[in-house]
Amino acid sequence: MEREIDPNVTEVPEIPTVLSSLLVYAVEEGERRFNEQGSFTPFTALAVGEKLFLEEVDGETPEEMYAFAKHTVEHVRGADGYALCYDGYLDTDQGMRDAIIAEGGVPGAIQGEAVGLLYEMDADGNVEYHRPIAYIGKAPNFMIFLTDDTDPLKAEVTDEEAEEEAE
């Protein structure tokens, strides 16, 4: 998959702690998988309370993979956040660069965030990572419409949901 970096990003915005932790974890897990297998299937990391759920993403094209990842996380009630991790490319000032990329979001946020770990692979398959994990920019948030339904100010219960609760 490919992602463009906004060359005008000069500072990292404040990212919720749960999201920051998820993004770093996902990149490090992607790096571990890449080191073991030489590649890896994109995956989602979903934080629900103290638990972390990892699920590989199905799809033949980037569009199918994004759709699968979105479907996997967009309606998970009680979730604190998610990350989608994949091996991709970043369009940088030095041209196209390989990177392990994680993008994700938290419930109700308008946008998500993306980070990446640049790497180079030589002809023999040896990988050199360029640390630190870097902030890339804004990303779609698959949980934009998910709210904390334990907060009465945020919860919007439909008539159908109210009827189900009453039964």
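Residues numbered from 1 in each chain as written. Predicted model: local features only at pLDDT ≥ 70, side-chain atom pairs only at ≥ 80, totals over all residues. Heavy atoms only, no water.

Engineer: Kindly report on unusual backbone geometry, identifying the contributing residues and their values.
Structural biologist: Note: most peptide bonds trans; most residues except glycine with negative phi. Between R131 and the following residue, P132, the backbone shows a cis peptide bond with an omega angle of 5 degrees. Here P132 lies in strand 7 (residues 127-139). (Helix = DSSP H or I, 4+ residues; strand = E, 2+ residues; numbered from the N terminus.)

Engineer: Could you give me a rundown of the environment of E11, with the residues and numbers involved?
Structural biologist: When you line up the elements, E11 lands in the loop between strand 1 (2-4) and helix 1 (17-37). Spatially, the C-alpha atoms of E11 and G137 are 9.7 Å apart, while their sequence positions differ by 126 residues.

Engineer: Go over helix 1 with me, naming the residues and quoting the values.
Structural biologist: Over its 21 residues, helix 1 extends 30 Å from the first C-alpha to the last, a length consistent with the 30 Å expected when each residue adds 1.5 Å. Buried within helix 1 are the following residues: L19, L22, L23, A26, V27, E29, G30, E31, R33 and F34. Close packing links the buried residues of helix 1 with strand 2 (43-48), strand 3 (51-56), strand 4 (81-92), strand 5 (95-105), strand 6 (112-121) and strand 7. G38 lies just past helix 1 and shows a positive phi near 80 degrees. (Expected span 1.5 Å × (residues − 1). Buried < 20%, exposed > 50% of the residue type's maximum accessible area, 1.4 Å probe, protein only. Contact = heavy atoms within 4.5 Å.)

Engineer: If you had to explain the nonpolar core to someone new, which residues and values would you point to?
Structural biologist: By size, the foremost hydrophobic cluster in this structure holds 21 residues, and its most contacted members are C85, I100 and A102. Elements with a contribution of two residues or more to this core: helix 1, strand 2, strand 4, strand 5, strand 6 and strand 7. A total of six residues in this core trace back to one element, the largest contributor, which is helix 1. Excluding anything up to four places from it in sequence, I100 contacts V27, G30, E31, F34, F40, C85, Y86, V115, G116, L117, Y119 and Y129. With 18 residues, the next largest nonpolar core counts A69, A79, A139 and F142 among its residues. (Core = buried A, V, L, I, M, F, W, Y, C linked by side-chain atoms within 4.5 Å.)

Engineer: Before we move on, can you summarise the pairing of strand 5 with the specific residues and values?
Structural biologist: Most of strand 5 sits out of view: eight of its 11 residues are buried. Note: strand 5 against strand 6, seven bridges, orientation antiparallel. Note that in strand 6 the partner of I101 across the bridge is G116. The hairpin turn running from strand 5 into strand 6, its antiparallel successor, is six residues long, and G108 in that turn takes a positive phi close to 85 degrees. (Pairing = 2+ DSSP bridges.)

Engineer: A description of the pattern of salt bridges should follow, citing residues and the corresponding values.
Structural biologist: Tallied over the full model, the rule gives seven salt bridges. With a shortest N-O distance of 2.5 Å, R32 and E29 are connected by a salt bridge. Here R32 pairs with E29, and both are found in helix 1, just three residues apart, close to one helical turn. Notably, a salt bridge pairs E31 with R131, separated by 2.5 Å at the nearest N-O pair. Of this pair, E31 sits in helix 1 while R131 is found in strand 7, placing the two residues 100 residues apart along the sequence. Since its relative accessible area comes to 11%, E31 is described here as buried. (Salt bridge = Lys/Arg side-chain N within 4 Å of Asp/Glu carboxyl O.)

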